[in-house]
Structures are given as C-alpha cells and as structure tokens.
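Inside the fold
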Amino acid sequence: MKVLMVITSHDQLGNTGRKTGFWLEELAAPYFIFRDSGAEITLASPKGGRPPLDPKSNEPEFRTDLTLRFEADAAAEAQLDTTVRLDSVKQEDFDTVFYPGGHGPMWDLAEDKDSVKLIESFLAAGKTVAVVCHSTGALRHVKTPDGKPLVQGKEVTGFTNGEEEDVGLTKVVPFLVEDEMLKLGAVFSKTANWGVHVVTDGLLITGQNPHSSGPAAQALLAALKGEPLARAS
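On a predicted model such as this, the values are computed, not experimentally measured, just so you know.

What about the overall build of the protein chain?
- The secondary structure content of the protein chain amounts to seven helices and nine strands.
- Computed over C-alpha atoms, the radius of gyration of the protein chain comes to 16 Å, within 12% of the 17 Å expected from 2.2 N^0.38 for 233 residues, which places it in the range of a compact globule.
- Out of the 233 residues belonging to the protein chain, those deemed buried represent 55%.
- In the structure as shown, the protein chain presents an accessible area of about 9600 Å², 51% of it carried by carbon and sulfur atoms.
- Positive and negative charge centroids in the protein chain, built from 23 and 33 side chains respectively, lie 4 Å apart.

Right under this line is the structure:
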C-alpha cells in the first residue's frame, strides 16, 4: 500500500509576526498508523524539503506518545527533511492521499492549483482522500467532473468556528473552515470543541481537529481494506 501525505510549506501566521506550519500530532499519528500497517509513505509539500512545524504543536501540552516517537525516529525525521515537491507527484503512483492540518494549509494548500488537481485526480480514479482539521480548507476549490464544488451536498467536518475562536485566530485566518464549507453547500458535521470526530462520505474522509487525525487515518485504512465504516465517530 502506497500512501501520499501532503504537508503545508507555509510558515507565517497571517500578519501576526508569529510562526505556523503543520501540526505535529496530525502528521505523527497518521504516519505511524500507516507505517505500522506496512504502508509505504511519501511525504510531499508545495516547496519540497523540510516543511515548517507549527512551534505551538510541540509545546508540552500538545505532545503525545506519537509526536515523541516521531521526533526520536531517524527514518521519519529523514523523510520530513526531504519531502518531495507537490508538483512532482502523480496519483497513479499512490493508493490514497492524506492531508495533515495545522494553520499553514489555510494559506498555501487551500489555494494551490497542484493540490486541487491532485485531489481531483485521486477522486476521478476512485481513490479515497482524507483531510483533517484546517486541511479541510484545501477542498475549497476542488470541483467534481461537472464543475460543482466537491463538497456540495457532502457531509464533511474540519476545524470548527468554535475551535478557531478558542485559539483566538478567528480574525487572523484567511477564512473559517466551517463557514467556507457551508458556503460551498456542504453539510458540516461537528462534535464538541476538541472532541474526536471523523466523517466518511463516499471517497472523502474528513477529521475535525488534531485529536481526530489518528482516527481519520484508521478510517482511511479501513476504507482501503474494504471494511465497512461508520459515517461518523
């Protein structure tokens, strides 16, 4: 099984002067779920090379056994140092794609034409796509073959307005994931702030927040193995 993971290259938190990037748990938890299942993982990012880590995601309160395992794993760190450029990957080479979040994707992956085309090509090939947290925003320009928004009429989740308010970045992000999905005609599903929530609708799997990244990866593995999935957890 070959899994592509697409990580942000964006490191500026709007005009705050603070750094952002990918959220460590959202990379580490799925990474080890995939690797421990025997999958071959490729990491990609728009700029290639070492993607920026959101420094907040490595503060003590956000560390987990899997984030610590990732940092202690030489092979994982070597892969992270050498992500391939997003414009060089093709869906034909992979069975599925997973997008970890963090605030970074709101600025680059949400607008990246290579990312949009890549997601569309996976879906056109009948392959499952999974996104979590702010990476649900990477779906905003993805269209169906007949030109409609991919998420129109689909049940999705992602970082909620309430969660964005909790972290004090409602006025900093370029758009709110929940509002954007609703504007595009999605059925936005959510649980309590910071609760685990994963939704599967057809070939699309979405997770609400960092704690949902591991469960979303489990749902993706189950889909690849043809196991029946609950619509939400």
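Focus: unusual backbone geometry
- Residues other than glycine seldom take positive phi values, yet C133 does so here, at roughly 60°.
- Look at C133 and you get buried, because its relative accessible area is 2%.
- Residues other than glycine seldom take positive phi values, yet W194 does so here, at roughly 75°.
- Positionally, W194 belongs in the loop between β7 (187-188) and β8 (198-201).

A short note on the pattern of salt bridges
- Taken as a whole, this structure holds 12 salt bridges when the rule is applied.
- As a salt-bridge pair, R69 and D36 come within 2.9 Å of each other at their nearest N and O atoms. Separated by 33 residues along the polypeptide, R69 in helix α2 (residues 65-72) and D36 in helix α1 (residues 24-36) bring together distant segments of the chain.
- For R69, a relative accessible area of 32% translates into the label partly exposed.
- Its salt-bridge partner being R50, residue E77 comes within 2.8 Å of it at the nearest N-O pair. Note that E77 is positioned in helix α3 (residues 74-81) and R50 in the loop between β2 (40-45) and α2, a separation of 27 residues in sequence.
- Note on E77: relative accessible area 18%, which makes it buried.

A closer look at the sheet that holds β8
- If you trace the seven strands from one edge of the open sheet to the other, you get β3-β2-β1-β4-β5-β9-β8, paired in mixed fashion. Both outer strands of the open sheet, β3 (84-85) and β8, are each paired with one neighbouring strand and no more.
- For strand β1 (residues 2-6) and strand β4 (residues 96-99), the ladder comprises three bridges, and the chain directions are parallel. Directly across from L4, in β4, lies its bridge partner V97.
- Sheet strands in contact with helix α7 (residues 213-224) are β4, β5 (129-132), β8 and β9 (204-207), and its direction is about 170° off that of β4.

A closer look at helix α4 (residues 113-124)
- The first and last C-alpha atoms of α4 sit 16 Å apart over 12 residues, in line with the 16 Å expected at 1.5 Å per residue.
- The set of residues buried in α4 consists of S115, V116, L118, I119, F122 and L123. Viewed along the axis of α4, the buried residues span an arc of 165°, placing them on a single side of the element. Exposed positions of α4 whose direction lies more than 90 degrees from the buried face are K113, K117 and A124.
- Buried residues belonging to α4 abut β1, β4 and β5.
- One or two positions beyond α4, positive phi appears at G126, with a value near 75°.

A word on the packing of aromatic side chains
- Counting across every chain of the model gives six aromatic pairs.
- A centroid spacing of 5.1 Å and a plane angle of 70° characterise the contact between W23 and F62, whose relative ring orientation is edge-to-face. Placement of the pair is W23 in the loop between β1 and α1 and F62 in the loop between β2 and α2, with a sequence separation of 39 residues.
- Looking at W23, the relative accessible area reads 11%, which means it is buried.

Details of the environment of W194
- A relative accessible area of 31% means that W194 is categorised as partly exposed.
- When the C-alpha atoms of W194 and F159 are compared, they prove to be 8.9 Å apart, with 35 residues separating the residues in sequence.
- Those residues in contact with W194, other than ones at most four positions away along the chain, are F159, E163, D166, V167, Q208, N209, P210 and H211.
- Within the structure, the side chain of W194 is placed 2.9 Å from the side chain of D166, a separation counted as a polar contact.

Here is what the cut-offs are and how they apply
Residues numbered from 1 in each chain as written. Predicted model: local features only at pLDDT ≥ 70, side-chain atom pairs only at ≥ 80, totals over all residues. Heavy atoms only, no water. Helix = DSSP H or I, 4+ residues; strand = E, 2+ residues; numbered from the N terminus. Rg over C-alpha atoms; globule rule 2.2 N^0.38 Å. Buried < 20%, exposed > 50% of the residue type's maximum accessible area, 1.4 Å probe, protein only. Areas by Shrake-Rupley, 256 points an atom, 1.4 Å probe, with all protein chains shown as cover. Lys, Arg positive; Asp, Glu negative; His and termini not counted. Charge placed at Lys NZ, Arg CZ, Asp CG, Glu CD. Salt bridge = Lys/Arg side-chain N within 4 Å of Asp/Glu carboxyl O. Pairing = 2+ DSSP bridges. Contact = heavy atoms within 4.5 Å. Axes fitted to C-alpha atoms, helices over the stretch in contact; angles between N-to-C directions. Expected span 1.5 Å × (residues − 1). Arc of directions from axis to C-beta. Phe/Tyr/Trp six-rings, centres within 6.5 Å; stacked < 30°, edge-to-face > 60°. Polar contact = N/O pair within 3.5 Å; in protein donor to acceptor, adjacent residues only side chain to side chain.

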